[in-house]
Amino acid sequence: ADGPGCIAVYNWASVLWAVLQLPTIGLDLLGIAPDLAWIMNLAIFIASLVIEGFLFIVSLRVAPWQAAALVAIDVVLNQMVLWPVSTKLGCAPLG
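Note that the coordinates shown come from a computational prediction; the quantities given were computed from them, not determined experimentally. (Residues numbered from 1 in each chain as written. Predicted model: local features only at pLDDT ≥ 70, side-chain atom pairs only at ≥ 80, totals over all residues. Heavy atoms only, no water.)

*Asks:* Break down the overall build of the protein for me, citing the residues and quoting the values.
*Replies:* Secondary structure summary: the protein contains four helices and zero strands in total. Its helices and strands in sequence order give the protein the pattern α-α-α-α, from N to C terminus. Seen through its C-alpha atoms, the protein measures out along the principal axes to roughly 45 × 30 × 20 Å. Counting all 95 residues of the protein, 20% fall into the buried class. Of all intrachain contacts in the protein linking residues separated by at least 6 positions in sequence, the fraction that spans at least 24 positions is 45%. In the form shown here, the protein has an accessible surface area of approximately 6700 Å², with 78% of it arising from carbon and sulfur atoms. (Helix = DSSP H or I, 4+ residues; strand = E, 2+ residues; numbered from the N terminus. Buried < 20%, exposed > 50% of the residue type's maximum accessible area, 1.4 Å probe, protein only. Contact = heavy atoms within 4.5 Å. Areas by Shrake-Rupley, 256 points an atom, 1.4 Å probe, with all protein chains shown as cover.)

*Asks:* Quick one: what's the story with the packing of helix H3 (residues 34–60) against helix H4 (residues 64–88), residue by residue and with numbers?
*Replies:* Following both chains from N to C, one finds H3 and H4 inclined at 130 degrees, their axes separated by 9 Å at the closest point. When the axis of H3 is compared with that of H4, the two are oblique. Every pair of crossing elements has a handedness; the one defined by H3 and H4 is right-handed. Contacts from Phe45, Leu49, Glu52, Gly53, Phe56, Ile57 and Leu60 in H3 reach Pro64, Ala67, Leu70, Val71, Asp74 and Val75 in H4. Along the lines of polarity and charge, the residues of the contact of H3 with H4 split into 10 nonpolar, one polar and two charged. (Axes fitted to C-alpha atoms, helices over the stretch in contact; angles between N-to-C directions. Parallel < 35°, antiparallel > 145°, perpendicular 65-115°, else oblique. Left-handed = near helix turned anticlockwise from the far one by under 90°. Nonpolar A, V, L, I, M, F, W, Y, C, P; charged D, E, K, R; others polar.)

Written as C-alpha cells, this is what we have:
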C-alpha cells in the first residue's frame with residue numbers, strides 16, 4: 001500500500017515545481033534574459049526528473065531502472081495528454 005503515499009508526495013512535489021518555475025515565468029513574461037529563462041527552465045526540468053525518480057525509488061521501493069521507467073511514462077503522458085488538453089482549454093503550460 002505504498003501507492004497512496006507516493007501519490008500524495010508526488011502531488012505536493014508538483015506544487016513545489018510550480019513555485020520554482022515562477023521566477024522563470026516572470027523573466028519570460030517580462031522579456032528579460034530569454035536565454036537565462038530557458039536555462040533555468042531546463043535546470044528545473046532536469047532536477048524534477050531526478051527528484052521524481054528518487055521519490056519513486058523511496059516511496060514505492062522499486063529499482064532505479066523501474067523508477068526511470070515510471071519517470072519516462074510520466075513525461076510522455078504529460079507531453080501527449082496534459083499539454084494538449086491544457087492548450088485546448090486555453091491554459092498556457094508552464095515553462
